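Coordinate inspection notes
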Amino acid sequence: MNIKHIYTSMIAATLLVVSCKDTKQSEKTANNTMVAEYKGKPITKEFDAKIDSLVAQMTLEEKTGMLHGNSMFATKAIERLGIPELTMADGPLGVREEISRDSWTAAGWDNDFATYYPAGGGLAATWNTELAYLFGRSVGEEAIARDKDVLLSPAINIIRSPLGGRTYEYFTEDPFLNKKITVPFIVGVQENDVAVCVKHYAANNQETNRDFVDVQIDERTLREIYLPAFEAAVKEAHAYSFMGAYNKFRGEYLCENGYMLNDVLRDEWGFEGIVISDWAAVHDTKKSIENGLDVEMGTPKPFNEFFYADSLIEKVKSGEIAESDVDTHVKRILRMMFTLKSIDDKGRAKGSINTEAHFEDAYKIAAESVVLLKNDKNLLPLKTDNIKSIAVIGHNAMKKNALGGFGAGVKTKREVTPLEGLQNRLPKSIKINYAEGYLERYSNDEKAKLGDITLNGPVTINTLEPKLLEEALNAAKNSDVAIIFAGSNRDYETEASDRASLDLPFGQEELIKKVLEVNPNTIVVFIAGAPFDILDISQKSSSLIWSWFNGSEGGNALADVILGNVNPSGKLPWTMPKKLEDSPAHATNSFPGDESVVYTEGILVGYRWFDTKNVEPLYPFGYGMSYTTFEFSDLKTDKETYNADAIIEVTFNIKNTGKVAGKEVAQLYISDPESYVEKAAQELKGFEKVFLKSGSSKTVTMQLPAKELAYYNEVKKQWLVEPGTYKIKIGNSSRNIKSEVSINIK
Ligand code: BGC
């Protein structure tokens, strides 16, 4: 690879260059012809004179009060100048319940109920940018209704290993899908005069040792895989705040990393918002102040002991830190506050929370997120006409996931479980025989606390209770159909801890296999946020569904998919491996590292690895079935040869050739078979979700900016589009390409 890189730099002069400065121009070209892209509003500068005058009136103590937590989720107000606190709340699944001002315990309010939205994996699985916008708008309305200035969301780190504890919260393994979901989400939130806090910037792809692990990623991989969604969050969505991650990157903590915070984020991308630390992620007053961190937040120690509190005051007084540096951070915060209308709140959005309309938003997202993995016997959709009884088996049928684990949850008045969803949707004539089947049990080991579940070894109890097993088998035997709800939950998949293996916990594998033996008409439904080892089960069972921690209406949406009221259209946002060792970070034995972790697989993350190394996944990236069938035809481009800043117009036809209406996700991948540098076998560069009635067809036009074909040249520090021939492929998963054409770049 090194030799290749040197060679690349030698020939770079002959390549077509799309520099960072040029992108604006190409974006402009793109905008003129492209489908409506989501664009955010920049931070306003119209109050700069007022801000200068405010800062001139502040004492040093007042200034530093704005730079650090003065309660768990807010900074200090300066009442005499009319500056309120900057208020924040988690998070990705909905607005978190109110937390006490000085500890993690719940504040115990009775008016902080919120809508629980599908977790990140579910949203990404919709492959629907409009739903990402809807999600953002809806949760933004809730945040402003709770008087929050900053919503600590979205969480957009790339899923590097299937074991990652926060896989459920993050979107995907693919940088293109990541940015396409991230941007509309941000635009939706910020339309409500609430800032997002895009997290966790950056290279925070594991929970193990997250407080200190030093992540080593080569520059090309960083740019091509780990940063694109963050970059789009700034350049396209105008995100108002970012969260500095816990870990180190190339030897420096992210909250004091001059390269990442000043050089890349501000100087290169033009970020004008504020950087807030992850909770207790700051380590050094001077380094953080000078390297771009604006606000220090954290966990309890007296608030005056924060790095940005007494220590900062002392260092300014002793001359170690210039007061003008402090002013720079204060001014940024004030600019954001004026943009959010939080200082002078005339005309600020009011929002609404915990409403039917928002539950409906959560339903829409959930309904498009469910992935049909297998339907060999056409058991699905379940035809209820000839059915008298259904066995509903598994603890997950009743499990609620709005709260749980170590991270942000949502206190909600509504969480429809899978069992309740079926009860709501099935005709009353059908008898439901419920059996819990397995117990969610953890070892009594002292170490087996939440957030520690996997770090210290397998601490779940994986034996079945004979009585529960017997009940489950009886229910299955005595019912026409059995549905097993298996998978995990938000205590098992959790922040602060990666999983130790892909094994299904709590004895579920044994339970599923035994139920399959007694009732072949069994549908297995997984509710989880991350891949599991389901190889054996997928071979033995005919009908498999994948659902997520799927929000307030998750159970209703799932029942609607099972019964065919909704035709499934979710597609996996990550690769389901046959076994852990097939995944790139594990195949290269580079997860989770120790003091440091080297991302040895480089750019070959997720399907890029599987496709380039010819490893067969169990279910590929982008995969998901429908109750209907689609045919793709007539793929063509508007020209054969393009300039590097052109828009490539790709058209093709999709026809719904089945008996019911449905949505298909057309996916556009590119391959560069003639490249001088190492490239993945193929990369996602476009997608569109298309609704088609039975028998109808549609011509889809996708605008592919040629700059999307670029790779990052480390030596030139530029994105380069190599001239030559590229393949453009259209399919409905990364492993089901229906048609391809070639184009040339001059
Ligand atoms: C998490 C963040 C979260 C913060 C505040 C941290 O532990 O990493 O994602 O926003 O806590 O709850």
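Thresholds applied
Residues numbered from 1 in each chain as written. Predicted model: local features only at pLDDT ≥ 70, side-chain atom pairs only at ≥ 80, totals over all residues. Heavy atoms only, no water. Helix = DSSP H or I, 4+ residues; strand = E, 2+ residues; numbered from the N terminus. Rg over C-alpha atoms; globule rule 2.2 N^0.38 Å. Contact = heavy atoms within 4.5 Å. Areas by Shrake-Rupley, 256 points an atom, 1.4 Å probe, with all protein chains shown as cover. Lys, Arg positive; Asp, Glu negative; His and termini not counted. Charge placed at Lys NZ, Arg CZ, Asp CG, Glu CD. Phe/Tyr/Trp six-rings, centres within 6.5 Å; stacked < 30°, edge-to-face > 60°. Buried < 20%, exposed > 50% of the residue type's maximum accessible area, 1.4 Å probe, protein only. Lys NZ or Arg CZ within 6 Å of the ring centre and 35° of its normal. Pairing = 2+ DSSP bridges. Near = heavy atom within 4 Å. Polar contact = N/O pair within 3.5 Å; in protein donor to acceptor, adjacent residues only side chain to side chain. Nonpolar A, V, L, I, M, F, W, Y, C, P; charged D, E, K, R; others polar. Domains from an automatic or database assignment. Buried area = accessible area lost by both parts, 1.4 Å probe. Salt bridge = Lys/Arg side-chain N within 4 Å of Asp/Glu carboxyl O. Axes fitted to C-alpha atoms, helices over the stretch in contact; angles between N-to-C directions. Parallel < 35°, antiparallel > 145°, perpendicular 65-115°, else oblique. Left-handed = near helix turned anticlockwise from the far one by under 90°. 1 Å grid on protein atoms, 1.4 Å probe; cavity = no way out; pocket = protein on both sides within 12 Å on 5 of 7 lines; lining within 4 Å. Points joined across faces, edges and corners; volume = space filled by probe spheres on them.

Considerations on the overall build of the chain
A tally of helices and strands in the chain yields 21 helices and 28 strands. Expected size for 746 residues packed as a compact globule is a radius of gyration near 27 Å; at 26 Å, the chain falls within 12% of this value. Its C-alpha atoms put the chain at 80 × 65 × 50 Å along the principal axes. A separation threshold of at least 6 residues defines the contact pool for the chain, and within that pool the share at least 24 residues apart is 78%. Counting every atom, the chain has about 26,600 Å² of accessible surface; 48% of that belongs to carbon and sulfur. Charge-centre separation for the chain: the mean point of 86 positive side chains lies 4 Å from the mean point of 106 negative side chains.

Some points on the packing of aromatic side chains
In the structure shown here, the tally under the stated rule is 30 aromatic pairs. When the centroid spacing of 5.7 Å and the interplanar angle of 70 degrees are considered together, the rings of Tyr-168 and Phe-549 count as edge-to-face. Taken together, the residues span a long stretch of sequence, with Tyr-168 in the loop between strand 5 (150-152) and helix 7 (175-190) and Phe-549 in the loop between strand 17 (543-547) and helix 19 (554-563) at a distance of 381 residues. Exposure class is identical for Tyr-168 and Phe-549. Each is buried. Taking 4.4 Å as the distance between ring centres and 15 degrees as the angle between the ring planes, the aromatic pair formed by Tyr-607 and Phe-621 counts as stacked. Residue Tyr-607 is found in helix 21 (residues 607-612), and its partner Phe-621 is found in the loop between helix 21 and strand 19 (630-637); the two are separated by 14 residues along the sequence. A relative accessible area of 1% means that Tyr-607 is categorised as buried. Pairwise contacts between aromatic rings join Trp-127, Phe-176, Tyr-607, Phe-621, Tyr-669 and Phe-687 into one cluster. Its guanidinium or amino end placed over the ring of Phe-113, Lys-411 lies 4.9 Å from that ring's centre, counting from NZ or CZ. The ring of Trp-609 has Lys-613 sitting right over it, with the charged end atom 5.2 Å from the ring centre.

Considerations on the sheet that holds strand 18 (residues 596-598)
Strand order in the open sheet formed by four strands is 10-9-7-18, and the pairing between neighbours is mixed. Of all the strands in the sheet, the pair left with one neighbour each is strand 10 (252-253) and strand 18. Note that strand 7 (residues 214-216) and strand 9 (residues 248-249) share two bridges and pair parallel. Following the sheet pairing, Asp-214 is matched in strand 9 by Lys-248.

Examining the site of the ligand
Around the ligand, a shell composed of 14 residues is seen, among which Asp-90, Arg-166, His-200, Asp-278 and Glu-495 lie nearest. Within the contact set of the ligand, an oxygen atom lies 2.8 Å away from a side-chain nitrogen or oxygen of Arg-166. Between the ligand and the protein, one listed contact pairs an oxygen atom with a side-chain N or O atom of Asp-278 at 2.7 Å. Taken by itself the ligand offers 310 Å² of open surface, and the protein chains cover 94% of this. Residue composition of the shell around the ligand, by class: six nonpolar, one polar and seven charged.

Details of the domain arrangement of the chain
What the domain assignment reports for the chain is domain 1 (4-35 + 628-745), domain 2 (39-339) and domain 3 (367-572). Each of domain 2 and domain 3 has a C-alpha centre, and these two points are 34 Å apart. Counting residues at the interface gives 33 residues for domain 2, matched by 39 residues for domain 3. Regarding the contact of domain 2 and domain 3, the summed buried area is about 2,900 Å², with carbon and sulfur atoms giving 57% of it. In this assembly, domain 2 and domain 3 are joined by three salt bridges. Taking the shortest distance from any N to any O, the salt bridge between Asp-112 and Lys-411 comes out at 2.5 Å.

Some details on the packing of helix 15 (residues 418-425) against helix 19
Put simply, helix 15 and helix 19 touch, their axes get as near as 7 Å, and they point 60 degrees apart. Between helix 15 and helix 19, the crossing angle belongs to the class labelled oblique. When you trace helix 15 past helix 19, the crossing you get is right-handed. Residues Pro-418, Gly-421, Leu-422, Asn-424 and Arg-425 of helix 15 form the contact with helix 19, whose own contacting residues are Gly-555, Asn-556, Leu-558, Ala-559, Asp-560 and Leu-563. Counted by class, the contact of helix 15 with helix 19 contains five nonpolar, four polar and two charged residues.

Concerning the pattern of salt bridges
Within this structure, the stated rule accounts for 55 salt bridges. Notably, a salt bridge pairs Glu-85 with Arg-101, separated by 2.6 Å at the nearest N-O pair. Of this pair, Glu-85 sits in the loop between strand 3 (74-75) and strand 4 (88-90) while Arg-101 sits in the loop between strand 4 and helix 5 (120-126); the two residues are 16 residues apart in sequence, bridging distant segments of the chain. The partner of Arg-250 in a salt bridge is Glu-219, with the nearest N and O atoms 2.8 Å apart. With Arg-250 in the loop between strand 9 and strand 10 and Glu-219 in helix 8 (residues 219-226), the pair connects residues that are 31 residues apart, well separated along the chain. Among the residues examined, Arg-250 registers a relative accessible area of 33% and is labelled partly exposed.

Concerning unusual backbone geometry
Along the chain, Lys-199 connects to His-200 via a cis peptide bond; the corresponding omega equals 0 degrees. Tracing the sequence through the fold places His-200 in strand 6 (residues 195-201). Note that the residue after Tyr-201, namely Ala-202, is joined by a cis bond; omega there is -5 degrees. By secondary structure assignment, the location of Ala-202 is in the loop between strand 6 and strand 7. The backbone phi angle of Asp-193 is positive, close to 60 degrees, even though this residue is not glycine. Positionally, Asp-193 belongs in the loop between helix 7 and strand 6. With a relative accessible area of 10%, Asp-193 lands in the buried category.

Description of empty space enclosed by the protein
The tally for this structure, following the rule as stated, stands at five cavities of 30 Å³ or more. Space inside the largest cavity adds up to approximately 130 Å³. Sorting elements by how many residues they give to the lining of the largest cavity places helix 19 first, with three residues. Residues belonging to the lining of the largest cavity are distributed by class as follows: seven nonpolar, eight polar and two charged. As a volume, the second largest cavity reaches approximately 80 Å³. Taken together, 13 residues make up the lining of the second largest cavity; nearest its centre are Arg-160, Pro-162, Glu-173, Thr-575 and Ser-583.

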